[in-house]
Amino acid sequence: MCIASTCVAFLFAAPVSALAQTSQPMSYSNARSLPATNPLAVIWRSEIQSQNAFVRADKDLQKTLAPNENAALSIISKDFPLDGETLIVSIASTRSCEGAANNFASNIEPEICEVKIARLKNGKLINVQKATGCYIDHSDSDLPAQNRDDDTFVAFDRERGVLRLQTRVGGKMLPACQRSITLK
(Lines give C-alpha, C1' and ligand atoms only; values in the text may rest on other atoms or scores of the structure.)
Protein backbone atom coordinates (compact mmCIF):
# COMPACT_ATOMS: atom_id res chain seq x y z
CA MET A 1 0.00 0.00 0.00
CA CYS A 2 1.24 3.49 -0.73
CA ILE A 3 0.42 7.05 0.13
CA ALA A 4 -1.26 8.91 -2.73
CA SER A 5 1.73 11.21 -3.38
CA THR A 6 4.09 8.21 -3.51
CA CYS A 7 1.82 6.41 -6.00
CA VAL A 8 1.62 9.48 -8.22
CA ALA A 9 5.40 9.93 -8.09
CA PHE A 10 5.84 6.27 -9.03
CA LEU A 11 3.50 6.59 -12.00
CA PHE A 12 5.35 9.62 -13.34
CA ALA A 13 8.73 7.97 -12.75
CA ALA A 14 7.71 4.70 -14.48
CA PRO A 15 8.90 4.38 -18.07
CA VAL A 16 6.19 4.60 -20.71
CA SER A 17 7.00 1.08 -21.97
CA ALA A 18 6.31 -0.34 -18.48
CA LEU A 19 2.87 1.28 -18.46
CA ALA A 20 2.20 -0.01 -21.99
CA GLN A 21 2.84 -3.56 -20.81
CA THR A 22 -0.16 -3.60 -18.48
CA SER A 23 -2.05 -6.81 -19.18
CA GLN A 24 -5.64 -6.52 -20.32
CA PRO A 25 -8.27 -9.26 -20.39
CA MET A 26 -9.27 -10.61 -23.78
CA SER A 27 -12.90 -10.20 -24.87
CA TYR A 28 -15.20 -13.10 -25.71
CA SER A 29 -16.99 -13.58 -29.04
CA ASN A 30 -18.85 -16.47 -30.59
CA ALA A 31 -18.64 -17.15 -34.34
CA ARG A 32 -22.37 -17.86 -34.31
CA SER A 33 -23.09 -14.14 -33.89
CA LEU A 34 -20.29 -12.73 -36.07
CA PRO A 35 -21.17 -11.25 -39.47
CA ALA A 36 -18.92 -12.48 -42.30
CA THR A 37 -17.28 -9.04 -42.53
CA ASN A 38 -16.25 -8.92 -38.85
CA PRO A 39 -12.43 -9.01 -38.58
CA LEU A 40 -12.55 -12.10 -36.31
CA ALA A 41 -14.75 -13.91 -38.86
CA VAL A 42 -12.19 -13.06 -41.55
CA ILE A 43 -9.17 -14.07 -39.42
CA TRP A 44 -10.75 -17.40 -38.38
CA ARG A 45 -12.65 -18.06 -41.66
CA SER A 46 -11.22 -21.53 -42.37
CA GLU A 47 -11.76 -22.71 -38.78
CA ILE A 48 -15.34 -21.37 -38.80
CA GLN A 49 -16.01 -23.13 -42.10
CA SER A 50 -14.53 -26.35 -40.70
CA GLN A 51 -16.72 -26.11 -37.58
CA ASN A 52 -19.80 -25.46 -39.76
CA ALA A 53 -19.01 -28.54 -41.89
CA PHE A 54 -18.45 -30.66 -38.77
CA VAL A 55 -21.79 -29.65 -37.24
CA ARG A 56 -23.68 -30.19 -40.49
CA ALA A 57 -22.09 -33.65 -41.00
CA ASP A 58 -22.41 -34.94 -37.42
CA LYS A 59 -25.72 -36.78 -37.10
CA ASP A 60 -25.36 -36.96 -33.31
CA LEU A 61 -25.40 -33.18 -33.05
CA GLN A 62 -28.66 -33.14 -34.98
CA LYS A 63 -28.26 -29.49 -35.79
CA THR A 64 -29.16 -27.86 -39.01
CA LEU A 65 -27.47 -24.60 -39.78
CA ALA A 66 -29.04 -22.12 -42.13
CA PRO A 67 -26.86 -21.37 -45.19
CA ASN A 68 -25.51 -18.11 -43.69
CA GLU A 69 -25.43 -19.27 -40.07
CA ASN A 70 -22.26 -20.29 -38.23
CA ALA A 71 -21.88 -23.05 -35.69
CA ALA A 72 -20.77 -22.09 -32.20
CA LEU A 73 -17.03 -21.40 -31.98
CA SER A 74 -15.61 -19.47 -29.02
CA ILE A 75 -12.99 -16.80 -29.73
CA ILE A 76 -11.20 -14.48 -27.32
CA SER A 77 -9.46 -11.37 -28.63
CA LYS A 78 -7.93 -7.99 -27.91
CA ASP A 79 -7.39 -5.11 -30.35
CA PHE A 80 -4.49 -2.64 -30.24
CA PRO A 81 -4.20 0.48 -32.45
CA LEU A 82 -0.81 0.52 -34.17
CA ASP A 83 0.43 3.35 -36.41
CA GLY A 84 -2.60 3.54 -38.73
CA GLU A 85 -3.24 -0.19 -38.41
CA THR A 86 -5.08 -2.39 -35.96
CA LEU A 87 -3.37 -5.32 -34.29
CA ILE A 88 -5.82 -8.07 -33.27
CA VAL A 89 -4.63 -10.86 -30.99
CA SER A 90 -7.08 -13.77 -30.91
CA ILE A 91 -7.41 -17.38 -29.80
CA ALA A 92 -10.21 -19.72 -30.91
CA SER A 93 -11.27 -22.87 -29.08
CA THR A 94 -11.20 -25.17 -32.10
CA ARG A 95 -11.20 -28.97 -32.29
CA SER A 96 -7.43 -28.84 -32.95
CA CYS A 97 -6.70 -27.39 -29.48
CA GLU A 98 -4.92 -29.70 -27.05
CA GLY A 99 -5.74 -30.58 -23.47
CA ALA A 100 -8.46 -29.10 -21.27
CA ALA A 101 -11.12 -30.76 -19.19
CA ASN A 102 -13.29 -33.13 -21.14
CA ASN A 103 -16.11 -34.00 -18.76
CA PHE A 104 -18.25 -32.48 -16.04
CA ALA A 105 -16.20 -34.05 -13.22
CA SER A 106 -12.88 -32.66 -14.52
CA ASN A 107 -11.10 -29.68 -13.03
CA ILE A 108 -11.15 -26.59 -15.21
CA GLU A 109 -7.95 -26.25 -17.19
CA PRO A 110 -6.87 -24.29 -20.27
CA GLU A 111 -6.59 -25.61 -23.80
CA ILE A 112 -3.41 -25.05 -25.82
CA CYS A 113 -4.64 -23.45 -29.03
CA GLU A 114 -3.46 -21.51 -32.02
CA VAL A 115 -3.00 -17.78 -31.47
CA LYS A 116 -3.45 -15.51 -34.48
CA ILE A 117 -1.92 -12.05 -34.45
CA ALA A 118 -3.45 -10.14 -37.34
CA ARG A 119 -2.69 -6.70 -38.74
CA LEU A 120 -5.48 -4.82 -40.45
CA LYS A 121 -5.23 -1.58 -42.36
CA ASN A 122 -8.42 0.24 -43.38
CA GLY A 123 -10.35 -2.90 -42.41
CA LYS A 124 -8.32 -5.15 -44.75
CA LEU A 125 -6.28 -8.08 -43.44
CA ILE A 126 -2.62 -7.50 -44.37
CA ASN A 127 -0.74 -10.05 -42.25
CA VAL A 128 -1.34 -12.94 -39.83
CA GLN A 129 1.34 -14.33 -37.52
CA LYS A 130 0.65 -17.60 -35.69
CA ALA A 131 1.80 -18.93 -32.33
CA THR A 132 0.29 -21.06 -29.54
CA GLY A 133 -1.27 -19.97 -26.29
CA CYS A 134 -3.80 -20.88 -23.64
CA TYR A 135 -7.53 -20.52 -24.13
CA ILE A 136 -9.79 -20.49 -21.09
CA ASP A 137 -13.54 -19.97 -21.16
CA HIS A 138 -14.69 -16.47 -20.35
CA SER A 139 -16.20 -15.58 -17.01
CA ASP A 140 -19.55 -17.25 -16.47
CA SER A 141 -21.78 -17.27 -13.40
CA ASP A 142 -22.42 -21.01 -14.01
CA LEU A 143 -18.75 -21.82 -13.30
CA PRO A 144 -17.63 -22.87 -9.82
CA ALA A 145 -16.93 -19.82 -7.63
CA GLN A 146 -13.14 -20.24 -7.82
CA ASN A 147 -13.28 -20.11 -11.65
CA ARG A 148 -15.52 -17.10 -12.19
CA ASP A 149 -12.48 -14.85 -12.67
CA ASP A 150 -10.64 -17.17 -15.07
CA ASP A 151 -9.32 -15.19 -18.00
CA THR A 152 -6.56 -14.85 -20.57
CA PHE A 153 -4.67 -11.56 -20.58
CA VAL A 154 -2.51 -9.86 -23.17
CA ALA A 155 -0.03 -6.99 -22.97
CA PHE A 156 1.63 -5.25 -25.89
CA ASP A 157 5.05 -3.62 -25.61
CA ARG A 158 5.07 -1.34 -28.68
CA GLU A 159 8.72 -0.32 -28.29
CA ARG A 160 9.96 -3.91 -28.45
CA GLY A 161 7.17 -5.29 -30.65
CA VAL A 162 6.41 -8.01 -28.11
CA LEU A 163 3.10 -9.47 -26.93
CA ARG A 164 2.81 -11.18 -23.56
CA LEU A 165 0.02 -13.67 -22.90
CA GLN A 166 -0.89 -15.08 -19.51
CA THR A 167 -3.84 -17.05 -18.20
CA ARG A 168 -5.45 -17.10 -14.75
CA VAL A 169 -7.31 -20.23 -13.64
CA GLY A 170 -8.75 -20.67 -10.16
CA GLY A 171 -7.24 -17.38 -9.00
CA LYS A 172 -3.67 -18.30 -10.02
CA MET A 173 -1.59 -17.29 -13.02
CA LEU A 174 -0.39 -20.43 -14.77
CA PRO A 175 3.35 -20.44 -15.60
CA ALA A 176 2.73 -22.96 -18.41
CA CYS A 177 0.48 -20.38 -20.11
CA GLN A 178 2.93 -17.48 -20.09
CA ARG A 179 3.96 -16.62 -23.62
CA SER A 180 6.13 -13.89 -25.07
CA ILE A 181 5.65 -13.43 -28.82
CA THR A 182 7.87 -11.15 -30.90
CA LEU A 183 5.98 -9.56 -33.79
CA LYS A 184 7.37 -10.09 -37.26
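Residues numbered from 1 in each chain as written. Predicted model: local features only at pLDDT ≥ 70, side-chain atom pairs only at ≥ 80, totals over all residues. Heavy atoms only, no water.

**Quick word on the pattern of salt bridges**
Right, so step 1: Summed over all chains, the structure comprises three salt bridges.
Right, so step 2: The residue R119 makes a salt bridge to E85 at a minimum N-O spacing of 3.3 Å. Of this pair, R119 sits in strand β6 (residues 111–121) while E85 sits in strand β4 (residues 85–92), and the two are 34 residues apart along the sequence. Each member of the pair, R119 together with E85, is buried.
Right, so step 3: With a closest N to O distance of 2.7 Å, D157 and R160 form a salt bridge.
Right, so step 4: The class for D157 is buried, based on a relative accessible area of 5%. (Salt bridge = Lys/Arg side-chain N within 4 Å of Asp/Glu carboxyl O. Helix = DSSP H or I, 4+ residues; strand = E, 2+ residues; numbered from the N terminus. Buried < 20%, exposed > 50% of the residue type's maximum accessible area, 1.4 Å probe, protein only.)

**Examining unusual backbone geometry**
One can expect most non-glycine residues to show negative phi and most peptide bonds to be in trans.
Right, so step 1: In this structure, D83 takes a positive phi of about 45 degrees despite not being glycine.
Right, so step 2: Among the structural elements, D83 can be located in the loop between β3 (74–82) and β4.
Right, so step 3: Its relative accessible area of 74% is what places D83 among the exposed residues.
Right, so step 4: Phi at N122 takes a positive value of approximately 50 degrees, unusual for a residue other than glycine.
Right, so step 5: Secondary-structure assignment places N122 in the loop between β6 and β7 (124–135).

**Re helix α4 (residues 45–57)**
Right, so step 1: Given a rise of 1.5 Å per residue, 13 residues ought to cover 18 Å, and the 18 Å separating the end C-alpha atoms of α4 matches this to within 8%.
Right, so step 2: Regarding α4, the residues found buried are E47, I48, Q51, N52 and V55. The buried residues of α4 occupy an angular sector of 140 degrees when the element is viewed end-on, so they sit on one face.
Right, so step 3: In this structure, the buried side of α4 is in contact with α3 (39–43) and β6. (Expected span 1.5 Å × (residues − 1). Arc of directions from axis to C-beta. Contact = heavy atoms within 4.5 Å.)

**Topic: the side chain of R179**
Right, so step 1: Positionally, R179 belongs in strand β11 (residues 179–182).
Right, so step 2: One buried charged side chain, R179, makes no salt bridge at all; its nearest oppositely charged neighbour is E98, positioned 8.7 Å away.
Right, so step 3: A distance of 2.7 Å separates a polar side-chain atom of R179 from the backbone oxygen of A176. (Lys, Arg positive; Asp, Glu negative; His and termini not counted. Polar contact = N/O pair within 3.5 Å; in protein donor to acceptor, adjacent residues only side chain to side chain.)

**Some thoughts on the state of the cysteines**
Right, so step 1: Under the counting rule described, the total for this entry stands at two disulfides.
Right, so step 2: In this model, C97 is linked to C113 through a disulfide, with the two sulfur atoms separated by 2.0 Å. The disulfide joining C97 to C113 has a torsion of about 120 degrees about its S-S bond and is therefore right-handed. You can see C97 sitting in the loop between β4 and β5 (98–99) and its partner C113 sitting in strand β6, a full 16 residues away along the chain. Each member of the pair, C97 as well as C113, is classed as buried.
Right, so step 3: Note on cysteine connectivity: C134 is disulfide-linked to C177, with sulfurs 2.0 Å apart. When the S-S torsion is -85 degrees, as for the bridge of C134 with C177, the disulfide is left-handed. Taken together, the residues span a long stretch of sequence, with C134 in strand β7 and C177 in the loop between β10 (172–173) and β11 at a distance of 43 residues. (Disulfide = S-S within 2.5 Å.)

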